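An overview of the molecular structure
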Amino acid sequence: LGWKFYDADDYHSPENKKKMAEGIPLNDEDRIPWLCALHDILRREDSCRQDAILACSALKKMYRRVLVSGASAIESNQPEQPGENAALKILFVHLDGPMDIIASRLKKRRGHFMPSELLKSQFDTLEPPSAPEKFITVSLEKSLPEIVLEIQRAIFQG
């Protein structure tokens, strides 16, 4: 696609990384500053008219609202009004699959701070996207080329 790619894990604070490495799930207070920083990155790219992909475990609807609208989404359930700080246009891709498939993939990662033991807490926290969020759900049981093709179709036909 020629788009900039960001891995949200690269932007966790040292404290968050340490907590996860110790097998302690992050809470909202841990995640909100991280999500606000990610929103700022997406806002900067948008202001430069640069499309971007962010790989991020935005598990809750509120987390996705922060990515779209920034810190103001925390105080309000309403999207921001058009203007200088208008909500970003984001297509969320919900990669959906059974815990055992995801666990086997996590175990193959080397040098990552999040142990696979935290996966259950992420499933427990997950609020799958729903209307009116702009999203698609793609099965992780498909092959990688099929997953990529489905995402590309959604981007260019949406």
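Note that the structure is predicted; figures quoted are calculated from it, not measured. (Residues numbered from 1 in each chain as written. Predicted model: local features only at pLDDT ≥ 70, side-chain atom pairs only at ≥ 80, totals over all residues. Heavy atoms only, no water.)

1. Here we look at the pattern of salt bridges
Going by this rule: Throughout this description, the term salt bridge denotes a Lys or Arg side-chain nitrogen within 4 Å of a carboxyl oxygen of Asp or Glu. Secondary structure elements are taken from DSSP: a helix is a run of H or I of four residues or more, a strand is a run of E of two residues or more, and numbering for both begins at the N terminus. The buried label goes to any residue with under 20% of its type's maximum accessible area, the exposed label to any with over 50%, and the partly exposed label to all in between, with areas taken from a 1.4 Å probe on protein chains only.
In total, this model carries 8 salt bridges according to the counting rule given. Put simply, Asp-28 and Lys-60 hold a salt bridge, and the shortest N to O gap is 3.0 Å. In this pair, Asp-28 is assigned in helix α2 (residues 28-47) and Lys-60 in the loop between β2 (52-55) and α3 (61-69), connecting sequence segments 32 residues apart. Assessed through its relative accessible area of 24%, Asp-28 is described here as partly exposed. In this structure, Glu-45 engages Arg-44 in a salt bridge whose closest nitrogen and oxygen atoms are separated by 3.3 Å. Here Arg-44 falls in the partly exposed class, since its relative accessible area comes to 43%. Several salt bridges share partner residues, and in doing so they unite Lys-4, Arg-44 and Glu-45 into one network.

2. Notes on α3
For an α-helix the count is 3.6 residues per turn, leaving residues at separations of three or four pointing the same way. Basically, it comes down to this: In this description, contact between two residues means that some pair of their heavy atoms is separated by no more than 4.5 Å.
The buried count for α3 comes to 7 of 9 residues, which makes it a mostly enclosed element. Looking only at α3, the buried set comprises Met-62, Tyr-63, Arg-64, Val-66, Leu-67, Val-68 and Ser-69. Close packing links the buried residues of α3 with α2, β2, α4 (72-75) and β3 (92-96). Following α3 by one or two positions, Gly-70 adopts a phi angle in the positive range, close to 85°.

3. Points about the packing of α2 against α3
Stated precisely, the cut-off is as follows: Lines fitted to the C-alpha atoms define the axes, with helices restricted to the stretch that makes contact. Angles between their N-to-C directions range from 0 to 180 degrees. With respect to orientation, any angle under 35 degrees is reported as roughly parallel, any angle over 145 as roughly antiparallel, any angle of 65 to 115 as roughly perpendicular, and every other angle as oblique. Crossings are classed by handedness, with left-handed meaning an anticlockwise turn of the near helix from the far one by less than a right angle and right-handed meaning a clockwise turn.
Where α2 contacts α3, the two axes come as close as 7 Å, and the packing angle between them is 30°. One way to sum up the angle between α2 and α3 is to call them roughly parallel. Relative to α3, α2 is oriented so that their crossing is right-handed. Contact residues: α2 offers Asp-28, Arg-31, Ile-32, Leu-35, Cys-36, Leu-38, His-39, Leu-42 and Arg-43, while α3 offers Met-62, Tyr-63, Val-66, Leu-67, Val-68 and Ser-69.

4. Points about the environment of Pro-33
Checked against the element boundaries, Pro-33 lands in helix α2. Distance in space between the C-alpha atoms of Pro-33 and Val-66 is 9.8 Å, their sequence separation being 33 residues.

5. A look at the confidence of the model for the protein chain
For clarity, the threshold we go by: The pLDDT value expresses, per residue, how confident the predictor is, ranging between 0 and 100.
Residues with a pLDDT of 70 or more make up 88% of the protein chain, whose mean pLDDT is 87. At the low end of the mean pLDDT range in the protein chain sits α4, at 78; at the high end sits strand β4 (residues 135-139), at 96. Across residues 80-84 the pLDDT falls below 50, and counting only partners more than four positions away or on other chains, this stretch makes 8 contacts in the model.

6. Description of the packing of aromatic side chains
Aromatic ring pairs are described here by two measures, namely the spacing of the ring centres and the angle between the planes. We apply this condition: By convention, a stacked pair of Phe, Tyr or Trp rings (six-membered ring in the case of Trp) has centres within 6.5 Å and planes under 30 degrees apart, an edge-to-face pair has planes over 60 apart, and any other such pair is tilted.
Scanning the model with the defined rule gives 1 aromatic pair in all. Relative to Tyr-11, the ring of Tyr-6 has its centre 6.3 Å away and its plane inclined at 55°; by these criteria the two rings are tilted. Since its relative accessible area comes to 9%, Tyr-6 is described here as buried. On the basis of relative accessibility, which here comes to 36%, the residue Tyr-11 falls in the partly exposed class.

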